[in-house]
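Per-entry structural report
Okay, here's what each chain looks like letter by letter:
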Amino acid sequence: MSAVLFLFLAHLGIGIAATLLLVASTAGMQFFRFNAGLAAVLLLVALAFRPTPITVNVLESVGFVALLVATGNLLVYWASLGRGLASLRPWFLWATVVGGGLSLVLQGIGLSSVQGPPFVALTVVSFLSSAALLGGACTAMILGHWYLVLPSMNVSLLQSMVKFHIGSTIVRIAVVLAVVVVALSSWQAPSGAGYGQYVLSLDGVFLWQRVLFGLLSPAILSYLVWQTAKIQSTQSATGILYVDFFTVVVGEVLAKYLLLSTQVPV
């Protein structure tokens, strides 16, 4: 369970930090302060839940250092908001995103190296798309809520973030489809059963729940959010985004569990 929490919280924290690069400064200093603080807390908790590696290797060490660097830069970015360092502030955020992205890549390689090249590449892409989906959903939800704080904020900010969320959902679905196709042709359980048999077995119910909550539901809900954002109904859009973010969280937690239990990065 600690490994699932570590992966989920790390991906969410990195995703939130990355999506801050997409939000215009007109959202206000407090918006960036809140989100940066939230992402920093998530990364710190993730580090606390980080499982002790069975064997120490270079990839594990570099990935851990990259995550530490990302967390440290994010804390400096958060502390600098409203307190000067305006010229250096974007660099701290970019350093967070680069360090976090590197840690995701190395996590993916480390967890899939025994499965062969196709699964290594797919796991890395899966982790990057997971961070984008989680970050986009969370930042869009908070941005929608922020219209209660700044009612005069232009609705285009929310529309832009919803576009990113829709795009990241489409990418996530495409990645999972590619993973399933590869798994059907090459994956095998310790019992000798293929992935097709696993999907139709009792254990496969977690995969179906992952698809229903983490892929289909966000696809439908993000479309509804886009339609409500187009008519500038920010309160309705925010309400849907709360449900949308919940389904994304459930889906991504299940995805981490399935990866660690089956070595398939769905």
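As shown above, the structure is provided for reference.
Right, let's walk through the structure included here. (Residues numbered from 1 in each chain as written. Predicted model: local features only at pLDDT ≥ 70, side-chain atom pairs only at ≥ 80, totals over all residues. Heavy atoms only, no water.)

Observations regarding the overall build of the protein
When helices and strands are tallied, the protein shows 9 helices and 0 strands. Order of helices (α) and strands (β) in the protein, N terminus to C terminus: α-α-α-α-α-α-α-α-α. On C-alpha atoms alone, the protein measures out to a radius of gyration of 19 Å, which is about the 18 Å that the 2.2 N^0.38 rule sets for 266 residues. For the protein, the spread of C-alpha atoms along the three principal axes comes to 60 × 40 × 25 Å. Pairs at least 24 residues apart make up 75% of the contacts formed inside the protein by residues separated by at least 6 positions. Of the accessible surface of the protein, which amounts to about 12000 Å², a share of 73% is contributed by carbon and sulfur atoms. Taken together, the 9 basic and 4 acidic charged side chains of the protein have centroids lying 16 Å from each other. (Helix = DSSP H or I, 4+ residues; strand = E, 2+ residues; numbered from the N terminus. Rg over C-alpha atoms; globule rule 2.2 N^0.38 Å. Contact = heavy atoms within 4.5 Å. Areas by Shrake-Rupley, 256 points an atom, 1.4 Å probe, with all protein chains shown as cover. Lys, Arg positive; Asp, Glu negative; His and termini not counted. Charge placed at Lys NZ, Arg CZ, Asp CG, Glu CD.)

Focus: a nonpolar patch on the surface
Taken together, Leu21, Leu22, Trp94 and Val98 make up a surface patch of nonpolar side chains, about 390 Å² in accessible area. Counting through the fold element by element, leucine 21 comes out in the loop between helix 1 (2-19) and helix 2 (29-49). Residue classification places leucine 21 among the partly exposed residues on the basis of a relative accessible area of 31%. (Patch = residues over 30% accessible without salt bridge, like charges linked within 9 Å, V, L, I, M, F, W, Y side chains within 5 Å. Salt bridge = Lys/Arg side-chain N within 4 Å of Asp/Glu carboxyl O. Buried < 20%, exposed > 50% of the residue type's maximum accessible area, 1.4 Å probe, protein only.)

Regarding the packing of aromatic side chains
Summed over all chains, the structure comprises 4 aromatic pairs. Between phenylalanine 31 and phenylalanine 32, the ring centres sit 5.6 Å apart and the planes meet at 90°, which makes this aromatic pair edge-to-face. Across the pair, exposure class does not vary: phenylalanine 31 and phenylalanine 32 are buried alike. With centroids separated by 5.6 Å and ring planes inclined at 75°, the aromatic side chains of phenylalanine 31 and tryptophan 146 adopt a geometry described as edge-to-face. (Phe/Tyr/Trp six-rings, centres within 6.5 Å; stacked < 30°, edge-to-face > 60°.)

Description of the environment of leucine 177
With respect to the secondary-structure elements, leucine 177 resides in helix 6 (residues 156-186). Taking C-alpha positions, leucine 177 is 18 Å from tyrosine 257, a pair spaced 80 residues apart along the chain.

Description of the environment of glycine 251
Structurally, the position occupied by glycine 251 is in helix 9 (residues 234-262). For the pair formed by glycine 251 and leucine 42, sequence separation is 209 residues and the distance between their alpha carbons is 18 Å. With residues near it in sequence (within four places) discarded, glycine 251 still touches Arg210, Phe213 and Gly214.

Side note on the packing of helix 3 (residues 58-80) against helix 4 (residues 89-112)
Interhelical geometry of helix 3 versus helix 4 gives an angle of 155° and a closest axis separation of 7 Å. Between helix 3 and helix 4, the angle falls in the class roughly antiparallel. Judged by the twist between their axes, the crossing of helix 3 over helix 4 is left-handed. The residues of helix 4 that touch helix 3, namely those facing Leu59, Val62, Gly63, Ala66, Leu67, Ala70, Asn73, Leu74, Val76, Tyr77 and Ser80, are Arg89, Phe92, Leu93, Ala95, Thr96, Gly99, Gly100, Leu102, Ser103, Leu106 and Ile109. (Axes fitted to C-alpha atoms, helices over the stretch in contact; angles between N-to-C directions. Parallel < 35°, antiparallel > 145°, perpendicular 65-115°, else oblique. Left-handed = near helix turned anticlockwise from the far one by under 90°.)

Thoughts on the pattern of salt bridges
Under the criterion given, the structure shown has 4 salt bridges. Arginine 210 serves as the salt-bridge partner of glutamate 252, at 3.0 Å between the closest nitrogen and oxygen. With glutamate 252 in helix 9 and arginine 210 in helix 8 (residues 205-230), this residue pair connects regions lying 42 residues apart in the sequence. Take arginine 210: its relative accessible area is 0%, and that puts it in the buried class. For glutamate 252, the salt bridge goes to lysine 256, with nearest N and O atoms at 3.4 Å.

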